[in-house]
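Here is how the chains run, residue by residue.
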Amino acid sequence: MPILDNNTMRAIIMEHYSHPNNKKTPDNLYEYQTIHMSSDNCIDDINIYLKVLNNNRISECFWDGVACTISTASTDIMCDLVKEKTKDEALEIIDNYLKMIHEEPFDEELLDEAIVFINTSKQAARIRCATIGWNGLKELIDEKK
């Protein structure tokens, strides 16, 4: 996905905020790894749910809780990006996303819609919002490696 204009980026963020694809608490929680993430600077208070199959492939990734627009959209996009990926592929996506947020060289081909957060570093207060879900997922994946 090429770098987009501001209006298109805003529209993608608002779509994931208004209609998140992956916001739910699974019924069968015992099948999921779970992590709770919260922020002192924002309303963000979320749980991330990860289901990994025996072949190390992520079959499902959900999140639930209360989150601001940036956290909601970035976590929702993250869940879309890692489904059906191996844990190593997911970690590569996460690593490139975090590099983008911190203005380091990254592979934009891996980020798809997550590229809409490319300007987040210009608003330092939003970095935690844009990374809270990603950091939580990274912890979950690293926990079982």
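Predicted model only: the values in this text are computed from it and were never measured. (Residues numbered from 1 in each chain as written. Predicted model: local features only at pLDDT ≥ 70, side-chain atom pairs only at ≥ 80, totals over all residues. Heavy atoms only, no water.)

A. A look at the environment of isoleucine 43. On the secondary structure map, isoleucine 43 appears in the loop between strand S1 (33–38) and strand S2 (45–52). Placed 23 residues apart in sequence, isoleucine 43 and valine 66 show a C-alpha to C-alpha distance of 6.7 Å. Here isoleucine 43 is in contact with Val66, Ala67 and Cys68, once residues within four sequence places are set aside. (Helix = DSSP H or I, 4+ residues; strand = E, 2+ residues; numbered from the N terminus. Contact = heavy atoms within 4.5 Å.)

B. The nonpolar core, seen in detail. Within the largest apolar cluster, 41 residues are counted, with the highest numbers of intra-cluster contacts made by Cys61, Tyr97, Phe117 and Trp134. Secondary structure elements with two or more residues in this core: helix H1 (6–18), S1, S2, strand S3 (58–66), helix H2 (69–82), helix H3 (87–101) and helix H4 (127–143). Setting aside chain neighbours within four positions, we find cysteine 61 in contact with Asn22, Ile48, Tyr49, Leu50, Met78, Cys79, Val82, Lys83 and Leu137. (Core = buried A, V, L, I, M, F, W, Y, C linked by side-chain atoms within 4.5 Å. Buried < 20%, exposed > 50% of the residue type's maximum accessible area, 1.4 Å probe, protein only.)

C. Local environment of the environment of glutamate 92. Tracing the backbone shows glutamate 92 in helix H3. With relative accessibility at 43%, the residue glutamate 92 sits in the partly exposed group. The spatial distance from the C-alpha of glutamate 92 to the C-alpha of aspartate 107 is 9.5 Å, given a sequence separation of 15 residues.

D. Looking closely at the packing of aromatic side chains. For the structure shown, the criterion picks out 3 aromatic pairs. On the numbers, 6.4 Å between centres and 75° between planes, the contact of tyrosine 97 with phenylalanine 117 is edge-to-face. On the criterion of sequence distance, the pair formed by tyrosine 97 in helix H3 and phenylalanine 117 in the loop between H3 and H4 is long-range, its members being 20 residues apart. Judged by centre distance (3.7 Å) and plane angle (5°), the ring pair of tyrosine 97 and tryptophan 134 falls under stacked. Taken as a pair, tyrosine 97 in helix H3 and tryptophan 134 in helix H4 lie far apart in primary sequence, 37 residues in all. Like tyrosine 97, the residue tryptophan 134 is buried in the burial classification. An aromatic cluster is defined as three or more aromatic residues linked by ring pairs; in this entry it consists of Tyr97, Phe117 and Trp134. (Phe/Tyr/Trp six-rings, centres within 6.5 Å; stacked < 30°, edge-to-face > 60°.)

E. Representation of the packing of H1 against H2 in the model. The geometry of H1 relative to H2 is characterised by a closest axis approach of 8 Å and an angle of 85° between their N-to-C directions. Classed by the angle they form, the pair H1 and H2 counts as roughly perpendicular. Contacts between H1 and H2 pair Ile12, Ile13, Met14, His16 and Tyr17 from the former with Thr69, Thr72, Ala73, Asp76, Ile77 and Asp80 from the latter. (Axes fitted to C-alpha atoms, helices over the stretch in contact; angles between N-to-C directions. Parallel < 35°, antiparallel > 145°, perpendicular 65-115°, else oblique.)

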